[in-house]
Amino acid sequence: MKKSEILGFAGLLALFFLFFGCASFGSYGKMRLVKLLPGKQDLEFLIEEWDKYNVYWAGAWAENPSAVLFDPKDEREVVPAKGWRRVNSRSMLEGLIWSVESNPRYPAALWELVGPNGQSFGYIYTAMDHVYTKLLDERHLWIEDIPLPPVHIWTRPEGVF
């Protein structure tokens, strides 16, 4: 075979895989920023009404969580990946929220988890600006684990050591 035929075949093969690989992009969810009123009243509402949600947290340990997930107890469900842990009490939830928001370098935000057709599945409070989600069916949105929060790489100030 000629070199140009091999390159042409490889190009067609790459386009084929690109087309079919991108065909499922429509099933991914999105995060939409929730504008918090002064005093974080929306987040306070979620804490007050926490028993109306299946609440989970992600991260390596509870003292430094990556995210807190609020899945309303309704017909739609967020399916957390392995690694998410259930929040057992309001005091635990308050501690997790405080830990997420205590990193001044990476400010946390409340995000709405939205399916590909714009349907709301719940909320996530995190300093991350993206999370991988995928629609499993009309009622179930899968969310990946977020094992580590964003971290600041400490650099030594001038004159130290």
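Above this text is the structure in question.
All figures in this text were calculated on a predicted structure; none of them were measured in a lab.

A. Looking closely at the overall build of the protein chain. Helix and strand counts for the protein chain come out as three helices and nine strands. Considering the protein chain as a whole, with its 161 residues, one finds that 36% of them fall into the buried category. A separation of at least 24 residues holds for 62% of the contacts in the protein chain among residues at least 6 apart in sequence. Approximately 10300 Å² of the protein chain is accessible, and the part contributed by carbon and sulfur atoms is 61%.

B. Quick peek at the pattern of salt bridges. This model, assessed by the stated rule, comprises five salt bridges. Salt-bridge contacts for Glu112 lead to Arg32; the nearest nitrogen and oxygen are separated by 3.3 Å. Taken together, the residues span a long stretch of sequence, with Glu112 in strand 6 (residues 109–114) and Arg32 in strand 1 (residues 30–33) at a distance of 80 residues. Given a relative accessible area of 42%, Arg32 falls into the partly exposed group. Between Glu49 and Lys52 there is a salt bridge, with its nearest N and O atoms 2.7 Å apart. Within the structure, one salt-bridge network assembled from shared partners comprises Glu48, Arg90 and Glu94.

C. Molecular detail of the side chain of Ser99. The residue Ser99 is located in helix 3 (residues 90–101) in this model. Once you skip the residues sitting within four places of it in the chain, Ser99 turns out to touch Ala62, Glu63 and Pro65.

D. Main features of the sheet that holds strand 4 (residues 77–80). Spatially, the three strands line up as an open sheet ordered 4-9-8, and their pairing is mixed. Looking at which strands have only one partner, the edges of the open sheet turn out to be strand 4 and strand 8 (133–137). Across the sheet, the mean angle separating the axes of adjacent strands is 30° when strand polarity is ignored. In this structure, strand 8 lies alongside strand 9 (residues 140–143), joined through four bridges in antiparallel fashion. Bridged to Lys134 within strand 9 is Trp142.

E. Geometry of the sheet that holds strand 5 (residues 85–86). The antiparallel open sheet is built from six strands, whose spatial order is 1-6-7-3-2-5. This sheet does not close on itself; its edge strands, each paired only once, are strand 1 and strand 5. Looking at chain direction, strand 6 and strand 7 (residues 120–126) are connected through six bridges and run antiparallel. Looking across to strand 7, one finds that Val114 is bridged to Ser120. Its contacts with the sheet place helix 3 against strand 2 (53–58), strand 3 (67–72), strand 5 and strand 7, and it is angled at close to 130° to strand 3.

F. A look at the pairing of strand 9. Pairing between strand 4 and strand 9: four bridges, direction parallel. Across the sheet, the residue bridging to Val78 is Leu141, located in strand 9. Counted along the chain from strand 8 to the antiparallel partner strand 9, the turn is two residues long.

Here is what the cut-offs are and how they apply
- Residues numbered from 1 in each chain as written.
- Predicted model: local features only at pLDDT ≥ 70, side-chain atom pairs only at ≥ 80, totals over all residues.
- Heavy atoms only, no water.
- Helix = DSSP H or I, 4+ residues; strand = E, 2+ residues; numbered from the N terminus.
- Buried < 20%, exposed > 50% of the residue type's maximum accessible area, 1.4 Å probe, protein only.
- Contact = heavy atoms within 4.5 Å.
- Areas by Shrake-Rupley, 256 points an atom, 1.4 Å probe, with all protein chains shown as cover.
- Salt bridge = Lys/Arg side-chain N within 4 Å of Asp/Glu carboxyl O.
- Pairing = 2+ DSSP bridges.
- Axes fitted to C-alpha atoms, helices over the stretch in contact; angles between N-to-C directions.

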